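Residues per chain are reported as follows:
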Protein chains: 2
Amino acid sequence: MKIIFTLSLLWIGLSGYAQDDKEVMASIYKNALTQGESYEWLRHLSNEIGGRLSGSLNAERAVNYTKEELDKLGLDKVWLQPVMVPRWVRGTPEFAFIETAPGKSINVNICALGGSVATPAGGLKANVIEVSSLEELKTLGTEKIKGKIVFFNRPMQADLIHTFEAYGGCVDQRYAGAMEAAKYGASGVIVRSMNLRMDDFPHTGSMSYGDLPNNKRIPSAAISTNDAEKLSSMLGIDSNIKFYFRQNCKQLKDVQSYNVIGEITGSEKPNEYMIVGGHLDSWDLGDGSHDDGAGVVQSMEVLRLLQLSGIKPKRSIRVVLFMNEENGLRGGNKYAEVAKAKNENHVFALESDSGGFTPRGFSFDCSDAQFNKVLGWQPLFKPYLIHYFEKGGSGADIGPLKDDGIILAGLRPDSQRYFDHHHASNDTFDAVNKRELELGAATMTALVYLFDKYGTAPISNVNELKN
Amino acid sequence: MKIIFTLSLLWIGLSGYAQDDKEVMASIYKNALTQGESYEWLRHLSNEIGGRLSGSLNAERAVNYTKEELDKLGLDKVWLQPVMVPRWVRGTPEFAFIETAPGKSINVNICALGGSVATPAGGLKANVIEVSSLEELKTLGTEKIKGKIVFFNRPMQADLIHTFEAYGGCVDQRYAGAMEAAKYGASGVIVRSMNLRMDDFPHTGSMSYGDLPNNKRIPSAAISTNDAEKLSSMLGIDSNIKFYFRQNCKQLKDVQSYNVIGEITGSEKPNEYMIVGGHLDSWDLGDGSHDDGAGVVQSMEVLRLLQLSGIKPKRSIRVVLFMNEENGLRGGNKYAEVAKAKNENHVFALESDSGGFTPRGFSFDCSDAQFNKVLGWQPLFKPYLIHYFEKGGSGADIGPLKDDGIILAGLRPDSQRYFDHHHASNDTFDAVNKRELELGAATMTALVYLFDKYGTAPISNVNELKN
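**Student:** Mind laying out the sheet that holds strand β1 (residues 77-89) of chain A, listing which residues take part and the relevant values?
**Tutor:** Residue and element names in this part refer to chain A. Read across the sheet, 8 strands follow the order β1-β10-β12-β11-β13-β16-β14-β15 without closing on themselves; strand pairing throughout is mixed. Bordering the open sheet on either side are β1 and β15 (388-391), each of which pairs with just one other strand. Looking at each pair of strands side by side, their axes are set apart by 20° on average, direction ignored. In this sheet, strand β10 (residues 250-264) lies alongside β1 in antiparallel orientation, the contact comprising 12 bridges. Residue Val85 lies in a different strand from β10, and its bridge partner there is Val255. Strands β1, β10 and β12 (315-322) of the sheet are contacted by helix α3 (residues 57-72), whose axis makes an angle of about 5° with β10. Across the sheet, helix α9 (residues 330-341) is in contact with β1, β10, β11 (269-279), β12 and β13 (345-351); its angle to β1 comes to roughly 140°.

Set out below in C-alpha cells:
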C-alpha cells in the first residue's frame, strides 16, 4: 500500500509540472548545444592561460579572466573572495633512469608529486624495493627498506566499472607512500601513476608528509605506467639494479589568491543560497582542461543558461570558482568559513570536478527523503540519457559546507577516460569534446532549475508546492 | 491488476535466476576488462592493416587476419563465405579551391564521395549555388542550377541528443545530392561533411546516382565543416566566386571477397542460430577503427568471452564479419541469402556498428512481447551503467535477416564523439579507448548469454523456463 501511495504522489507531482518542466529543460539543453559559451571559455583557460597551479601567475590570470567573463554576464554581483594558498613549484624538469650496471641505464618518465621535497642537487641513486601496499612496508621493516627507494606498484583495479573507485583503491600509495616509507628509513619513493592505461605519461597529485619533521622528509615522484612495468620486470630479473632520480621542487611561502564568485540574487528567497562550482586551480603538467577547467566553465555556464532560458530563480544562485582544490582545499574551506560567519543559509551545492565527459547523472549527499524527491525527477532527464542518480559523495570543494540541511551533489560524467588524463601532461583541451562539455552544463542547469522551483525540502513535506 | 501480475512474474523470474546470472555477468565483465583481446586485435586491424575499402588489398588482408585469429580460438567451425563486392578507388588525392578573382584562390579540404565519378582530368571550375535541401533544388529549377556546382550546406542539428538522428536528418544531401542536382543540369556537387564539429576533415560516405545514365553522372565531393562555413560566407559576400575541384576516383569491376564466420555449435539446440557481427570493410581515409573495426573485434570477443567465462551455449553462436557494408551491403545480403537457402533458423542477431565508445545499451527490432522480456533483464545491467533499452533500428548488415520471429538488436554506445571521426581520416586507433571498447564487448556478451539461456520467445510464453 505504501508503495502504491508513493507512486500516486509522484504521478500527481509529475502530471502537475511535467509539461512545463519538459519545455524548460528542452530549452536549457537546446541553448547549451546551440549557443553555448563553455567551450570557448575553456579554450581560453586551457590554450591562452594553461596549467593553473595555486599561487602561480597562471592561477592569477585565471582569476582575472573568469572574473571578467562573469562581469560580462550582467549578474547581480560578482566578487573575489580572498584566500591565502600554498605555493609549491616544480622547478626544472625531473630526470630519472634505471641503472642495470655501472654506465648502463634506461631513461624513464617521472614527475615529482605535489608537495614533495627535492632530491639532493645531484640526484638520488639507490637500490629499489617494490611493494604493493603501505601494509607491506610493515612486513618488510627497516632492515629491508633502509636506504632504498620504495617503489609502490599496485595498479588501479581494471575490473571496477567506476574508475573513481579504482582510484580510491590506489591513491593511498601516492598520498601517504613517502610519509610511511620514511618511517622505515627509505631514501625516496617512486609511485606507479594513477592511470588505467599503459602509456608514457607520469601523473602527479598531492602527497603529504603528515607531521614528519623536515629532516625526515624524502622525495617522492610518480612514474608512468609503462615505465612502472619496465622497472618491475627488471627488478624481477635483477633485484640489485639501481634507480636514479633528480627533482628540485620546492614549497614556497603562502600567497594571496581568490575564489571567484558570481550571483543571481533570488527573486523570492534571496537569503537561500544554491551554489554551483568547480575549481579554478589545476596541476601544472597539462592545461587542466578536464581537471577542472571543464567544471569551472560548466558552472559559469549554468548561470548563463538560466538567463538565456528566461529562468528567474526564486533563490540566490551562485557560481563559485574555488581556488586550491588540488593541494590544500583552502578555497573550499574559506568559502564555507565566510558563509558560516555571515550566517548565509546554503540549501544546495553542486560541484563538477570529474571531467568534461558525457554526463551520466549525479551523486547526492543528502537525506533519504531528499533523495526520494530527486528520484521523482528522473523521467524528466531520460530524453537526455541522464540515468545515474545515486547517493554518494559530492565534491571536495563543497564538502566543508556540509550540515544537516544542505543537499550536496556532484555531476557524474562518464569516467572511463578520466584517469587517462588526470594530473598528467595530456590533460589538454583537445581531449574535451564540445558537445559532451555542453551536455554537462545543461544537465547541471536542469538540476538547479528543479531544486530552485521545488525547493530542497523532502517530498513528504506537504508544503512543497508552495516552495 | 495486469500490471501487478506482470511485475510479479518479473519478480519471480528475477529471484529465480538473478544470483547465478549476476555472477556470470560479473565474470564476463571482469574477463573483458582484465584479459581482453579486442584492443590488441583492433590495434592490428588499424595500425598494421589500415583502411579496408571493399575490393582493396587491405580488405583481403583483413579477411585473412580475422580468419586466422578466429582459427586460434578453437571454435567449432570457422569459414569464409564468398561474396562479390564492388570496387571503387579514390585515385590520387583530391584538390579544391575557392577562386575569388582570376588568380586569387584559397585551398579547401575535400574528398570524393564513395561511388562518385571523377571530374574531367583538368578538374571542374564553375559558379556555386548554395542550397540547404534537396527540395530547394525544385524551387530554383534548371535556370538557376544549370552548369553550376550545387553546394549542399545543411548542418547536422546540434540540439539532438542522439547524434545518429542528426545524421539521419542530413545524409540525404550526401546520398542523393548529385543524383538530384544532375536532373537540373548541375555540373558538380559539394556537400558539407556530416560532422557536428567544426574542423578541417572532409568526411566521405556512400552516394548513389540511382538509374541516371553514365553520361548524366556528375562528380560529388564532401567539404570539411570549416571550409563549408568559409565557402558559405564568401558566397554571401560575392555570389560570383567560383569553385574548383579535381578528383579521379573510379568504379572498377566487382571482385571476389568474403564474409568471415566463426561458430560455437549449440549444445542443445544447434539448429537455432544467434549471431553477433560488425563489418570488416571500412572507408579508406582513416583506418576504420570506430567504423567498424570496433564492432568487428567486439563481435570476435563475444565468442572468446563466452569461452573464457565457461559458458557453453545451448544454441549455436556465430560471429559474422560482414564485407561491404559501406558501399553495397553485399555481405549482409549474401549472409541472409545463404541462411535462407539452407533453411537455418536464426533467432537473434546483434550488430555493433556505432563506434567503440562507452556502451549505453541496445536498441531492439522485435515484437513488444519480446521487448518486455528484455526489459526484465535491465536490473542485471545496472551495475555496468547500461541503461538504454529502446525499440528501434538494429544494424545494416543484419537487416536482411529480418522476419517475424527473429530479434534484431544494435549495440548503442555513447554517440557524442562518433561523427567527429565517422568516414574521415581521423577515424584512427588513438581515438578508441581500451576500456570503452572492452565494456562494449562485455555488454554484447551478456545479452547473448541471457538470450541463449532464456530463449527469444516472449515472456508471456509459459514454456520459457524450459527454453
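There's plenty left to go through after this.
**Student:** Describe the relation of the copies chain A and chain B, listing the residues and the values that go with them.
**Tutor:** Mapping chain A onto chain B calls for a screw motion: a turn of 180° about the axis and a shift of 0.0 Å along it, with 0.0 Å RMSD after fitting. Both chain copies can therefore be described as sitting about a two-fold axis. Taking C-alpha positions as the reference, the residue of chain A nearest the rotation axis is His387(A), at 3.5 Å.

**Student:** If you had to explain the packing of helix α4 (residues 134-145) of chain B against helix α6 (residues 171-182) of chain B to someone new, which residues and values would you point to?
**Tutor:** All names here are of chain B. Where α4 contacts α6, the two axes come as close as 11 Å, and the packing angle between them is 30°. The orientation of α4 relative to α6 falls into the category roughly parallel. At the point where α4 passes α6, the crossing takes the right-handed sense. Residues Leu134, Leu137 and Ile145 of α4 lie in contact with α6, whose contacting residues are Asp172, Gln173, Ala176, Glu180 and Ala181. Looking at the contact of α4 with α6 residue by residue, the classes come out as 5 nonpolar, 1 polar and 2 charged.

**Student:** Residues and numbers for helix α4 (residues 134-145) of chain A, please.
**Tutor:** Under the 1.5 Å per step criterion, the end-to-end length of α4(A) is only 12 Å for 12 residues, more than 12% shorter than the ideal 16 Å. One or two steps after α4(A), the chain reaches Gly147(A), where phi turns positive at roughly 85°.

**Student:** Give me the lowdown on the packing of helix α2 (residues 38-49) of chain A against helix α8 (residues 289-308) of chain A, citing residues and values where you can.
**Tutor:** Residue and element names in this part refer to chain A. One can describe the packing of α2 onto α8 by two numbers: an axis separation of 9 Å at closest approach and a directional angle of 140°. One way to sum up the angle between α2 and α8 is to call them oblique. As α2 packs across α8, the resulting crossing turns out to be right-handed. For the pair α2 and α8, the contacting residues are Ser38, Trp41, Leu42, Leu45 and Ser46 in the first and Ser289, Gly293, Ala294, Val296, Val297, Gln298, Met300 and Glu301 in the second. By residue class, the composition of the contact of α2 with α8 is 7 nonpolar, 5 polar and 1 charged.

**Student:** Which residues make up the environment of Pro458(A), and what values go with them?
**Tutor:** All names here are of chain A. Tracing the chain through its elements places Pro458 in the segment after α13 (434-454). Distance from Pro458 to Val374, taken between C-alpha atoms, is 8.9 Å for residues 84 residues apart in sequence. With sequence-adjacent residues up to four places away left out, Pro458 is seen in contact with Ser367, Ala369, Gln370, Asn372 and Lys373.

**Student:** Explain the environment of Pro400(B) to me, and be specific about the residues and the numbers.
**Tutor:** Residues and elements named next belong to chain B. Looking at the secondary structure, you find Pro400 in the loop between β15 (388-391) and β16 (407-413). Along the sequence, Pro400 and Gly332 sit 68 residues apart, while their C-alpha atoms lie 6.5 Å from each other. Not counting residues up to four positions away in its chain, the partners in contact with Pro400 are Gly332, Asn333 and Ala336.

**Student:** Tell me about the interface of chain A and chain B, and name the residues and values.
**Tutor:** Every contact between the two is made by 23 residues of chain A and, on the other side, 23 residues of chain B. Broken down by secondary-structure element, the contributors of at least two residues to the side of chain A that touches chain B are α1 (2-35) and α13 of chain A. Considering each element in turn, the side of chain A that touches chain B owes the most residues, 4 residues, to α1(A). The residue inventory of the side of chain A that touches chain B, partitioned by class, reads 9 nonpolar, 5 polar and 9 charged.

**Student:** Please provide a residue-by-residue account of unusual backbone geometry, values included.
**Tutor:** Residue Asp292(A) is bonded to the preceding Asp291(A) through a cis peptide linkage, with omega at 5°. Mapped onto the elements of the fold, Asp292(A) is located in helix α8. You will see that His423(A), though not glycine, has its phi angle at about 65°, which is positive. Position of His423(A) relative to the elements: it lies in the loop between α12 (418-421) and α13. One non-glycine residue, Leu329(B), lies in the positive phi region at around 60°. Structurally, the position occupied by Leu329(B) is in the loop between β12 (315-322) and α9 (330-341). Given 19 C-beta atoms within a 10 Å radius, Leu329(B) is considered partly exposed.

What counts, and at which threshold
- Residues numbered from 1 in each chain as written.
- Chains lettered and ligands numbered in written order.
- Predicted model: local features only at pLDDT ≥ 70, side-chain atom pairs only at ≥ 80, totals over all residues.
- Pairing = 2+ DSSP bridges.
- Helix = DSSP H or I, 4+ residues; strand = E, 2+ residues; numbered from the N terminus.
- Axes fitted to C-alpha atoms, helices over the stretch in contact; angles between N-to-C directions.
- Contact = placed C-beta atoms within 7 Å.
- Least-squares fit on C-alpha atoms with pLDDT ≥ 70 in both.
- Parallel < 35°, antiparallel > 145°, perpendicular 65-115°, else oblique.
- Left-handed = near helix turned anticlockwise from the far one by under 90°.
- Nonpolar A, V, L, I, M, F, W, Y, C, P; charged D, E, K, R; others polar.
- Expected span 1.5 Å × (residues − 1).
- Buried ≥ 20, exposed ≤ 12 C-beta atoms within 10 Å, placed from the backbone.

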